[in-house]
2 protein chains.
Amino acid sequence: MGVSKTEIFTEEQNRIALYAKVLGNPARVAILQYLFSISECVCGDLVDVIGLAQPTISQHLKELKNLGIIQGNVEGTSVCYCVNMENWNTMKTVMHQFLDLDAAPKKKCC
Amino acid sequence: MGVSKTEIFTEEQNRIALYAKVLGNPARVAILQYLFSISECVCGDLVDVIGLAQPTISQHLKELKNLGIIQGNVEGTSVCYCVNMENWNTMKTVMHQFLDLDAAPKKKCC
DNA sequence: TATATTTATCGTAATATTGCAATATAACAA
DNA sequence: TTGTTATATTGCAATATTACGATAAATATA
């Protein structure tokens, strides 16, 4: 199949999975880290920085944009990207909540 | 292609992406949440709880086991699963560090 | 031993993802 | 307008993922 049965899971479970999925690619991780590392927005040099072909970068940017965690502003012939901190923080909250789950009382068999 | 060019990224970037990828499926999220929610280990009822076929659950458990964040102990005819808290915490640290990235000084264009 | 129960593995179909070449589009510059 | 630059889109090949039926393997019980 290749497609997850989202309808049998809660909205929260699907949301966590969706966030995680988008972060589940090293190119997108690298893009995000780079966006965080610079004080200006990225206009153009992402292709040089990451080392993948331009269409590939463009595709990854699109996915990050679709999720809302980055945004792009047209600046002349180029587009400047940066992290959308509001949506990033929303994601952070959701993921933290999940990762911070703690084991119930005590386990017997492990 | 369908395969990520891991060789052009840092080990950290690949690690983050790998963790996120495994969390990027609602069934695996549901399995983990369930493992956290009960005080005993799961022996057998995961198939009923999640609502996917037994081979599918088994496959997801395998991926979680491969990543090291759960472990299974044979208990008679059944296998009992629980979260490996040590490895879970390692993952948590890595993911937190990434998610807690903060924007450098100030952005101009966003 | 024979049977039942539980989980893992194999094989396969449907779909998704990754990456890139070619091309299109958009905005500026001359 | 024409050319240049930067980014997006399209189309495709290779591979990965998801799900499940069939079956195997392992262990308990009669």
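Just so you know, these numbers come straight off a predicted model, no measurement behind them. (Residues numbered from 1 in each chain as written. Chains lettered and ligands numbered in written order. Predicted model: local features only at pLDDT ≥ 70, side-chain atom pairs only at ≥ 80, totals over all residues. Heavy atoms only, no water.)

Q: Which parts of the structure should I look at to understand the overall build of chain A?
A: When helices and strands are tallied, chain A shows five helices and three strands. Secondary structure of chain A in N-to-C order comes out as α-α-β-α-α-β-β-α. Taking 2.2 N^0.38 as the reference for a compact globule, 110 residues should give roughly 13 Å; the C-alpha atoms of chain A span a radius of gyration of 17 Å, well beyond that estimate. Across its three principal axes, chain A shows a C-alpha extent of roughly 60 × 35 × 25 Å. Out of the 110 residues belonging to chain A, those deemed buried represent 46%. Expressed as a percentage of contacts within chain A between residues at least 6 apart in sequence, the contacts between residues at least 24 apart total 50%. (Helix = DSSP H or I, 4+ residues; strand = E, 2+ residues; numbered from the N terminus. Rg over C-alpha atoms; globule rule 2.2 N^0.38 Å. Buried < 20%, exposed > 50% of the residue type's maximum accessible area, 1.4 Å probe, protein only. Contact = heavy atoms within 4.5 Å.)

Q: Help me out: how do you make sense of helix α2 (residues 26–37) of chain A in this one?
A: Given 3.6 residues per turn, any residue in an α-helix points the same way as the ones three and four places further on. Residues and elements named next belong to chain A. Taking 1.5 Å per residue as the helical rise, α2 with its 12 residues ought to reach 16 Å, and the 16 Å between its terminal C-alpha atoms agrees with that figure. Buried residues dominate α2, accounting for 11 of its 12 residues. Taken together, the buried positions of α2 are occupied by Pro26, Ala27, Arg28, Val29, Ala30, Ile31, Leu32, Gln33, Tyr34, Leu35 and Phe36. Where α2 begins, the capping side chain belongs to Asn25, and its oxygen is found 2.7 Å from the backbone nitrogen of Ala27. (Expected span 1.5 Å × (residues − 1). Polar contact = N/O pair within 3.5 Å; in protein donor to acceptor, adjacent residues only side chain to side chain.)

Q: Quick question: what am I supposed to make of the nonpolar core here?
A: One broad trend across soluble globular proteins is that nonpolar side chains are buried collectively. Of all hydrophobic cores here, the largest spans 67 residues; its most connected members are Ile69 and Trp88 of chain A together with Ile69 and Trp88 of chain B. Among the elements that line this core, the one with the most residues is α2 of chain A, at eight residues. Residues in contact with Ile69 of chain B, not counting those within four places in the same chain, are Leu23, Leu32, Leu64, Cys82, Val83, Asn84, Asn87, Trp88 and Met91 of chain B. (Core = buried A, V, L, I, M, F, W, Y, C linked by side-chain atoms within 4.5 Å.)

Q: I tried to follow the sheet that holds strand β1 (residues 42–43) of chain A on my own but got confused; where do I start?
A: All names here are of chain A. Strand order in the open sheet formed by three strands is β1-β3-β2, and the pairing between neighbours is antiparallel. Edge positions in the sheet fall to β1 and β2 (70–75), since each has one partner strand and no second. Where β2 lies against strand β3 (residues 78–83), six bridges are found, and the strand directions are antiparallel. If you follow Glu75 over to β3, its bridge partner there is Ser78. Against the sheet, helix α4 (residues 54–67) contacts β2 and β3, and its axis sits at roughly 115° relative to β2. (Pairing = 2+ DSSP bridges. Axes fitted to C-alpha atoms, helices over the stretch in contact; angles between N-to-C directions.)

Q: How do you make sense of the pairing of β3 of chain A when you look at a structure like this?
A: Each regular strand carries side chains that alternate between the two faces of the sheet. Here β1 of chain A runs beside β3 of chain A; their pairing, made up of two bridges, is antiparallel. Paired with Cys43 of chain A across the bridge in β3 of chain A is Cys80 of chain A.

Q: Sorry, what's going on with the interface of chain B and chain A here?
A: When the parts of a complex come together, some accessible area is lost, and that lost area is often taken as the interface size. Taken together, the contacts link 55 residues of chain B with 54 residues of chain A. Both faces considered, chain B and chain A share a buried interface measuring about 4500 Å² in area, 67% of it formed by carbon and sulfur atoms. Where chain B packs against chain A, one counts two salt bridges. Here Lys92 of chain A ties to Asp100 of chain B by a salt bridge, and the two come within 3.8 Å at their closest N and O atoms. For the pair chain B and chain A, the number of links is nine residue pairs in polar contact (both at pLDDT 80 or more). (Buried area = accessible area lost by both parts, 1.4 Å probe. Salt bridge = Lys/Arg side-chain N within 4 Å of Asp/Glu carboxyl O.)

Q: Which parts of the structure should I look at to understand the sheet that holds strand β3 (residues 78–83) of chain B?
A: Within a sheet, neighbouring strands are paired by backbone hydrogen bonds and run either parallel or antiparallel to one another. Residue and element names in this part refer to chain B. Taken in spatial order, the three strands of this open sheet run β1-β3-β2, and their pairing is antiparallel. Single-partner strands in this sheet number two, and they are β1 (42–43) and β2 (70–75). Sheet strands in contact with helix α2 (residues 26–37) are β1, β2 and β3, and its direction is about 90° off that of β3.

Q: I tried to follow the pattern of salt bridges on my own but got confused; where do I start?
A: Pairing of side chains with opposite charge becomes possible as their charged atoms draw close. Residues and elements named next belong to chain B. Overall, the coordinates contain four salt bridges over all chains when judged by the stated rule. Across the pair Glu63 and Arg28 runs a salt bridge whose closest N-O atoms are separated by 3.3 Å. A residue pair is termed long-range when its members are at least 10 positions apart, and Glu63 in helix α4 (residues 54–67) and Arg28 in helix α2 qualify at 35 residues. For Glu63, a relative accessible area of 31% puts it in the partly exposed group.

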